[in-house]
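These are the residues of each chain, in order.
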Amino acid sequence: MAELSSTLLYIAFIIYLIATLVFAMSLSDKKGKENKAAYTRRWGRVGYALSILGFISQLGYFVTRWIASGHAPVSNLFEFTTFFGMMMVFAFILLYGIYKTNALGVFAMPIALLVIAYASMFPKDIAPLIPALQSDWLKIHVTTAALGEGILSISFVAGLIFLIRVVDQTRSTKKTKMLEIIMYFLLCVFGFILVSAISAAAGYETSFNFTDKKDQKVELTYNVPALVGPPNGTQADDHFGPLVASPSWMNGEQAPRKFNTFIWSLLTGGVLYGIVRLILRKRISAAIQPKLMNLKPDLLDEISYRSVAIGFPVFTLGALIFAMIWAQEAWTRFWGWDPKEVWALITFLFYAAYLHFRLSRGWHGEKSAWLCVIGFVIIMFNLIAVNLVISGLHSYA
Amino acid sequence: MRSQTYNKTMVDKIWNFFSSVKVGIWIIIVILIAAAIGTIFPQEMYIPPNVDPTTYYKEEYGTPGQIFYLLGFHNLYGSWWFLLLLAALGISLIIVSIDRGFPLYRALKYQRVTRHESFMKRQRLFAVSDSGISMDRVKRVLAKKHYKIKEDNGNILAEKNRFSRWGPYVNHAGLIIFLIGAMLRFFPGMYTDQTLWIREGETVAVPGTKTEDGQYYLKNHKFIMELYDKKDKDYSAALDKTGNPVPKNYQSNVTLYHAGPSDVVGAKPELKKERDAKIKVNEPLSFNDYSLYQVDFKLNEFHRMNLKLENKKSGKSYGEIKVNLFNPKSTYVLGNGYKVEMVEYFPNFKLDENDQPTTENSVPDNPAFVFKMFTPETPKGETAFIGIRKNVEAGDNKYKMSFSGIETKNVSALTVKKDKTLPIIIIGGIIFMLGVVQGLYWNHRRIWIQQRNGQLWIAAHTNKNWFGLKREMQNISEDSGLVMPIDQSDEKSA
């Protein structure tokens, strides 16, 4: 059952990849003969069907893994992040159903792909549940929260398309730089996957002995060459040694290892970005912009807002209300200012501010789109950095 | 709006300040940023319990840590200024709701069907066409789309989902109730949070549960810790990788008792059994307003220690004493003239700064004793200091005490919790969710159709989701023959 599960996830991944390409193709303007609108519509339909097919396959992964492990597969970083990617796809399917905009697929599907690929870099073994996680609220809270975050992510996707479409690319401004930074970070995720995959294929390993915060002797095994070692650690083998030690305030589980991988991601992202720039000979967003010129900014703005309008209540329900009910049962209090809780509250407050800006202060279009970008950064921060840097009760996921 | 009518007294000024949505948004943003800064380093409640926070933050996190501590971010969420921000948010919610809610209600309740020419022209969706289509058909189509239709002189106002306009006020009301609930915790009698360490076999009064009707008692029969089996076929791969055993269950088997009020001070309470229960993580035992949670444990705490009195030369034993480490006797008689006196007892032995034996606390984690041994051969008694891996004797003792066994017990830590604010918080939460859904999942739409100088004027408005409105107008115009209004914001931007 576990193997079937992995296979289904793999198939889903491939289908998503094809769907991305089909959506991208549907935007290309090289077809001269045919009616452009009909062409776009036809391939958009194919891409949409493929997305749904991929989603069904991933749903199969989810169900089979649930059967194999005996609990909802949302209990560690691999399972949660994979599920988050799946919810992004689901949110995309939902919003494409309403708005039928192919460009949404060109951006949403690869970002979901990156999320799922990122997830697969974490340990994939089926793990048992510790007592604190043995509750029906695990599946209720985590799935609803992930669904909310997935829908909110689509608001980022639509906002990003909006910005690439409308930001003036004739000269370099703060806005064009910000857009390039977003592109760079997306490439960093890709870089992370690349580095991890190459290292894994080469079977690279180097380990350190050091004493952690709780005064326990720990052995840390890196799967990529160590640029950053643990504080006061000694390398157990004669592989390429660390250039510097990681800051001692990084508290999370295996923080130095994760920090090292993070540095690698930034570097590889930089190299990738450089290569792409060299090939394109212009800013990445400037290269994409012409493909988006026949999209109405208004519609993109609407999709972005609509995603928040749909996602915000779902997120609130899952990440705050269900979370509080469970926390009351498992940790004796519904609220305890645990870092993950605080960041869920921050996400909530941020989107509440967004809604007020938009509905009450009339922030539409560009301002609204930039806010959606910041919102996504907060969601990603809660997913990645809170687990990397900050230790807390959610250290398992 | 009150805020636009009065601006004289202090109250008016404060009212006007908080009635601004802009101020409200800023309060949200300041709370958001403060909350984020508070997560950079752990809060005081999450640092190890036995360290001094004045030095901890500097030692662990350097200068940034020291600044964090000095600015009070180590206890941010309980600090006066953070609570003040939350209070400001609450006030803003109340004032904004009153200041805007009632005028909006009146405006929508008494709106006219026939609007002024300039009002029509101002609407984002607007068109003028030749009249000559059947108004009955238009009305039928609108009714089919669930519009409520009001008529005045052949002019039409079609409206739907007005209730969605109350969404923001409903969700704000929910938040206010939620915040009030959270505030009530600080009133006496609303909230209890205590920890109870209870050993196996012990029956103790449950702290915080004493009322005029008496008090609850709890007996801990057994604490159980289960680990996952390393050979478990589903999980073996993951279990091998972590190396450490993974816990499967923490559980206390208990019996809950209740005792009525006692008139005599110090009298033994008469316990009436309420029920047997298993308290597990995620499955607290709830009774009345209280809940008992499994939060911690200590395995194999020393409970009883057995020692033998032996002749040092021959090794012959003259009997065994069993020392209850929580309630030791002063004399243990072994018969035939043999007895042992306990001169001193240190449950958790350590040496103080003057190298004198003392005890850290009353928990027998490292018990040590000073015994005086009496035998027919040594009627004056011989003194010996006995501890774990420590044995100090005075000179040429003929007899000694040696360890012959130890009995241990597990200890459960339970949290006793009473929170009478929960129902209010739950109601607040539900109202908030309903309000958010009501406000965001429906849209208030209005369509005005007017006959003017032989022409038909159409205007449409929605509070949000213009795309949806335009799509609906498209359908309506296809079905009724009404001309499709033009989006005037498109024309401006084009």
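Small disclaimer: the values here were computed from a predicted structure and weren't measured.

1. Re the overall build of chain A
Summing up its helical and strand segments, chain A has 11 helices and 5 strands in all. The C-alpha atoms of chain A give a radius of gyration of 22 Å, which matches the 21 Å a tight globule of 397 residues would have. Per-residue burial over chain A gives 59% buried out of 397 residues. Summing over all exposed atoms, chain A offers an accessible surface of approximately 16300 Å²; the carbon and sulfur share of this is 67%. Within chain A, one finds 33 positive and 23 negative side-chain charges whose respective centroids are separated by 14 Å.

2. Regarding the UniProt feature "domain: Cytochrome c assembly protein" (unreviewed entry) in chain A
UniProt feature "domain: Cytochrome c assembly protein" (unreviewed entry): in the numbering of this structure it lies at residues 75–194 and 266–394 of chain A. Within the segment residues 75–194 of chain A, helix and strand shares are 78% and 0% respectively, and the terminal C-alpha atoms sit 25 Å apart.

3. Some details on the nonpolar core
Core analysis: the biggest nonpolar cluster contains 164 residues, and F92, L104, I161 and F312 of chain A have the highest contact counts within it. Excluding residues within four positions of it along the chain, I161 of chain A makes contact with A103, L104, F107, L292, L295 and L300 of chain A.

4. Considerations on the sheet that holds strand β6 (residues 215–227) of chain B
Residues and elements named next belong to chain B. One open sheet accounts for 4 strands, arranged β5-β6-β7-β8; its pairing is antiparallel. Lying at the two open borders of the sheet, with one neighbouring strand each, are β5 (203–205) and β8 (271–280). Adjacent strand axes in the sheet meet at a mean angle of 25°, parallel and antiparallel pairs treated alike. Sheet topology places β6 next to strand β7 (residues 247–259); 12 bridges connect them, and they run antiparallel. Pairing of N220 across the sheet is with V254, part of β7.

5. Notes on the side chain of S155 of chain A
Secondary-structure assignment places S155 of chain A in helix α5 (residues 136–166). Residues within four places of S155 of chain A in sequence aside, it is in contact with S304, S307, V308, Y351 and C372 of chain A.

6. Remarks on the interface of chain A and chain B
Between chain A and chain B, the residue contacts involve 60 residues of the former and 60 residues of the latter. Taken together, both faces of the contact between chain A and chain B bury some 4900 Å²; the carbon and sulfur share is 66%. Counting across the interface, chain A meets chain B through 1 salt bridge. With a closest N to O distance of 3.5 Å, R124 of chain B and D298 of chain A form a salt bridge. Our count for the contact surface shared by chain A and chain B stands at 17 residue pairs in polar contact (both at pLDDT 80 or more). Elements with a contribution of two residues or more to the side of chain A that touches chain B: α2 (36–69), α3 (77–99), α9 (297–330) and α10 (339–361) of chain A. With 18 residues, α9 of chain A is the single largest residue contributor to the side of chain A that touches chain B. For the side of chain A that touches chain B, the class distribution of residues is 39 nonpolar, 12 polar and 9 charged.

7. Section: the environment of I11 of chain A
Residues and elements named next belong to chain A. Relative to the helices and strands, I11 resides in helix α1 (residues 2–27). Residue classification places I11 among the partly exposed residues on the basis of a relative accessible area of 37%. Between the alpha carbons of I11 and N260 there is a distance of 31 Å; along the sequence they are 249 residues apart.

8. A word on α5 of chain A
Side chains that are three or four residues apart share a direction in an α-helix, a result of its 3.6 residues per turn. All names here are of chain A. Between its first and last C-alpha atoms α5 spans 46 Å; for 31 residues at 1.5 Å apiece the expected length is 45 Å, and the two agree. Of all the 31 residues making up α5, 26 are buried; the element is thus mostly covered by neighbouring parts of the structure. For α5, the N-terminal cap is S135; the gap from its side-chain oxygen to the backbone nitrogen of W137 is 3.0 Å.

9. A short note on the packing of α5 of chain A against helix α6 (residues 174–202) of chain A
Residue and element names in this part refer to chain A. Between α5 and α6, whose axes approach to 11 Å, the crossing angle comes to 130°. Relative to α6, the element α5 lies oblique. Here α5 and α6 pass one another in a crossing that is left-handed. Touching F156, L160, L163 and I164 of α5 are L179, I182, M183 and L186, all from α6. Across the contact of α5 with α6, the residue classes tally to 8 nonpolar, no polar and no charged.

10. Here's the deal with the pattern of salt bridges
All names here are of chain A. Taken as a whole and assessed by the stated rule, the structure comprises 25 salt bridges over all chains. When the shortest N-O distance is used, the salt bridge between R65 and E79 registers 2.7 Å. With a gap of 14 residues between them, R65 in helix α2 and E79 in helix α3 connect regions that are remote in the sequence. Residue classification places R65 among the buried residues on the basis of a relative accessible area of 7%. R277 is the partner of E180 in a salt bridge, and the nearest nitrogen-oxygen pair spans 3.9 Å. With E180 in helix α6 and R277 in helix α7 (residues 255–280), this residue pair connects regions lying 97 residues apart in the sequence. Since its relative accessible area comes to 7%, E180 is described here as buried. The exposure class assigned to R277 is partly exposed, which follows from its relative accessible area of 30%.

11. Comments concerning the domain arrangement of chain A
All names here are of chain A. Domain annotation for chain A reports domain 1 (2–168 + 297–388) and domain 2 (170–281). Placing a centre on the C-alpha atoms of domain 1 and another on those of domain 2 gives a separation of 25 Å. Listed as interface residues are 16 residues of domain 1 and, on the opposing side, 18 residues of domain 2. Buried area between domain 1 and domain 2, both sides added, is near 1600 Å², and the carbon and sulfur share of it is 80%. Here domain 1 is connected to domain 2 by 1 salt bridge. The interface formed by domain 1 and domain 2 holds 2 residue pairs in polar contact (both at pLDDT 80 or more) in total. Counting residues per element, the side of domain 1 that touches domain 2 draws most heavily on helix α11 (residues 365–388), which supplies 5 residues. Split by residue class, the side of domain 1 that touches domain 2 holds 13 nonpolar, 1 polar and 2 charged.

12. Some details on the packing of aromatic side chains
Describing an aromatic ring pair means giving the distance of the ring centres and the angle of the ring planes. Evaluation of the coordinates by the stated rule reveals 50 aromatic pairs over all chains. Where F23 of chain A meets Y96 of chain A, the ring centres are 5.7 Å apart and the plane angle is 55°; that geometry is what we call tilted. Placement of the pair is F23 of chain A in helix α1 and Y96 of chain A in helix α3, with a sequence separation of 73 residues. For F23 of chain A, a relative accessible area of 0% corresponds to the buried category. With centroids separated by 6.4 Å and ring planes inclined at 45°, the aromatic side chains of F346 of chain B and F385 of chain B adopt a geometry described as tilted.

Conventions we followed
- Residues numbered from 1 in each chain as written.
- Chains lettered and ligands numbered in written order.
- Predicted model: local features only at pLDDT ≥ 70, side-chain atom pairs only at ≥ 80, totals over all residues.
- Heavy atoms only, no water.
- Helix = DSSP H or I, 4+ residues; strand = E, 2+ residues; numbered from the N terminus.
- Rg over C-alpha atoms; globule rule 2.2 N^0.38 Å.
- Buried < 20%, exposed > 50% of the residue type's maximum accessible area, 1.4 Å probe, protein only.
- Areas by Shrake-Rupley, 256 points an atom, 1.4 Å probe, with all protein chains shown as cover.
- Lys, Arg positive; Asp, Glu negative; His and termini not counted.
- Charge placed at Lys NZ, Arg CZ, Asp CG, Glu CD.
- UniProt positions renumbered as here; feature names shortened; annotations may be inferred.
- Core = buried A, V, L, I, M, F, W, Y, C linked by side-chain atoms within 4.5 Å.
- Contact = heavy atoms within 4.5 Å.
- Pairing = 2+ DSSP bridges.
- Axes fitted to C-alpha atoms, helices over the stretch in contact; angles between N-to-C directions.
- Buried area = accessible area lost by both parts, 1.4 Å probe.
- Salt bridge = Lys/Arg side-chain N within 4 Å of Asp/Glu carboxyl O.
- Polar contact = N/O pair within 3.5 Å; in protein donor to acceptor, adjacent residues only side chain to side chain.
- Nonpolar A, V, L, I, M, F, W, Y, C, P; charged D, E, K, R; others polar.
- Expected span 1.5 Å × (residues − 1).
- Parallel < 35°, antiparallel > 145°, perpendicular 65-115°, else oblique.
- Left-handed = near helix turned anticlockwise from the far one by under 90°.
- Domains from an automatic or database assignment.
- Phe/Tyr/Trp six-rings, centres within 6.5 Å; stacked < 30°, edge-to-face > 60°.

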